[in-house]
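Descriptive structure summary
Read off the chains here:
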Amino acid sequence: MMSLSTPVSTIVGTALCFLLLNGCKSEHPVSGESQPILPAATVTTMTAAESAPARQVEIMGTVQAAENASIAAKISGNITDIPVSPGSRVREGDLLAAISAGEISAKLMQAQAQLEQATRNYTREQGLLKKNAATVEMVKTLEETKKIAEAAYREARTMLSYTSITAPFDGIITKKHVNIGDLATPGSPLLQLESESQLQVITHIPESLILEISIDDRLPVYIPAADVNITGIVTEVAPTADPRSRTAPVKLQITPAKNIRSGQFARVSLPGTRGKAILLPETALQPFGQMERVFAVEDDKARMRLVKTGLRHDGKVEILSGIIPGEEIVVSADIRLQDAQPLNPR
């Protein structure tokens, strides 16, 4: 123990020597923990090869009835009866709506009376002409009067027929715009009628691809709401494109199915360009966080490769980056693989 009389320089020197001695202690490396021995996995492999898969271009479309009609009145009048509602199925000729016909009925009765009077006058004058008691000019005048009365009667009868609106074809009522008591006016829609026997998909194809589409072409169509994959047959291709959207409307006929409804969203696949890519079975891919990985074979061991994928079709996926042609890739394994795991190829 140092006394109070010990010089300060001696204390500082002693401290420095203590620090130097501690710093010069020999360092012995610590052996790391031994890595666990991974069991050998039995795997199926394939050699990665570059190919030129056909790339598909998907565009949006809408399912519609091939035959639909907006039912409207041809005359003005209050609606007295609408025996249908949305969802009602009707046959051709069934009554859809009735319009009040008081004035038209009166005009029809008036036209009928005038026709009967003109017919009697014409018949009487013909009889007098045979007895030389009338002139030919008078007979012709009455004949023309009779024809005018016939035309007026036909017009009134036709107008009366407009008071009963019937279905132009078999179908289902999809919309109802009016109720009993509303005033119907010419041209104003009353109901919407759609046929269930024929459906179509209407889509708008970019002008860069429209030249590849022809009548009777068959294109894959997917309807997500019904989870149905079907084939659409091109029935119409617009000869011109919309200058604003640079697209042209195209119609595809599809086969009606139980879950397919008018108005549903559809995806239409178009043949696109071919590009180079490596195709692997989807079984070769494993999720790895937010990415995907495959395992390559190196020295009979599995080596992880993070990959970027592209389009998927027919159970295969395009590998855009992460592996190179010629590498041996694990397609399937009997256990979940880890990096550096020994492999026994089948």
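Please read all numbers here as calculations on a predicted model, not as lab measurements. (Residues numbered from 1 in each chain as written. Predicted model: local features only at pLDDT ≥ 70, side-chain atom pairs only at ≥ 80, totals over all residues. Heavy atoms only, no water.)

1. Focus on unusual backbone geometry
Under the convention used in this document: Per-residue accessibility, obtained with a 1.4 Å probe over protein chains only, is compared with the maximum for each type, and a residue is labelled buried under 20%, exposed over 50%, and partly exposed between these values. Labels follow the DSSP assignment, with helices taken as runs of H or I lasting at least four residues and strands as runs of E lasting at least two, numbered in each case from the N terminus.
Notably, Asn 132 is not glycine yet its phi reads approximately 60°, a positive angle. The exposed category is assigned to Asn 132, whose relative accessible area is 72%. With phi around 55°, Asp 299 is a residue other than glycine that occupies positive phi space. Tracing the chain through its elements places Asp 299 in the loop between strand E19 (291-298) and strand E20 (301-313). On the basis of relative accessible area, Asp 299 is assigned to the exposed category, the value being 72%.

2. Structural notes on the sheet that holds strand E11 (residues 189-194)
Where we set the bar: For two strands to be treated as a pair, DSSP must find at least two bridges joining them.
In space, the four strands of this open sheet follow the order E4-E11-E9-E6, with antiparallel pairing throughout. Among the strands making up the open sheet, the edge pair consists of strand E4 (68-72) and strand E6 (89-90).

3. Some details on the pairing of strand E9 (residues 171-176)
The pairing of E6 with E9 spans two bridges and is antiparallel. When the sheet's bridge partners are listed, Arg 89 is paired in E9 with Ile 172. Direction of pairing for E9 relative to E11: antiparallel, over a ladder of four bridges. The residue bridging Lys 175 from the neighbouring strand is Gln 192, located in E11.

4. Thoughts on helix H3 (residues 136-161)
The condition that has to hold: What a helix is expected to span follows from its residue count: subtract one and scale by 1.5 Å. It only takes one pair of heavy atoms within 4.5 Å for two residues to be counted as in contact.
Under the 1.5 Å per step criterion, the end-to-end length of H3 is 38 Å for 26 residues, consistent within 8% with the ideal 38 Å. All buried positions along H3 are accounted for by Val 139, Leu 142, Lys 146, Ala 149, Tyr 153 and Ala 156. For H3, the secondary structure elements touched by its buried residues are helix H2 (102-130).

5. Some remarks on a nonpolar patch on the surface
The condition that has to hold: A patch consists of residues whose relative accessible area exceeds 30% and which take part in no salt bridge; residues with like charges are grouped when within 9 Å of each other, and nonpolar side chains (Val, Leu, Ile, Met, Phe, Trp, Tyr) when within 5 Å. Only the protein chains shown count as cover for residues, with accessible areas throughout obtained via the Shrake-Rupley method and a probe of 1.4 Å. Between Lys or Arg on one side and Asp or Glu on the other, a salt bridge is scored when a side-chain nitrogen of the former is within 4 Å of a carboxyl oxygen of the latter.
A surface patch of nonpolar side chains, amounting to about 260 Å² of accessible area, comprises Phe 288, Met 291 and Leu 306. The exposure class of Met 291 is partly exposed, given its relative accessible area of 44%.

6. What to know about the confidence of the model for the protein chain
Test applied: Values of pLDDT, which run from 0 to 100, indicate the predictor's confidence residue by residue.
Per-chain confidence: the protein chain averages 85 in pLDDT, with 87% of residues scoring 70 or above. When pLDDT is averaged over each helix and strand of the protein chain, the minimum, 43, is found for helix H1 (residues 8-23) and the maximum, 95, for strand E7 (residues 95-99). Between residues 1-32, whose pLDDT stays under 50, and residues either more than four places distant or in other chains, the model counts three contacts.

7. A word on the nonpolar core
Inclusion rule: We define a nonpolar core as any set of buried Ala, Val, Leu, Ile, Met, Phe, Trp, Tyr and Cys residues linked to one another through side-chain atoms lying within 4.5 Å.
Membership of the largest hydrophobic core comes to 23 residues, with the highest contact counts inside it found for Val 63, Ile 205, Ile 223, Ile 254, Ile 260, Val 268 and Leu 270. Of all the elements in the fold, those that place two or more residues in this core are strand E3 (54-65), strand E12 (199-206), helix H4 (207-210), strand E13 (218-223), strand E14 (228-237), strand E15 (247-254) and strand E16 (265-274). Per-element accounting of this core gives the leading share, four residues, to E15. Among all residues touching Ile 254, those that are not within four sequence positions of it are Val 63, Leu 199, Gln 200, Val 201, Ile 223, Ile 230, Thr 231, Gly 232 and Ile 260. Counting residues in each nonpolar core, the second largest holds 21 residues, with Ile 75, Phe 169, Val 178 and Leu 191 among its members.

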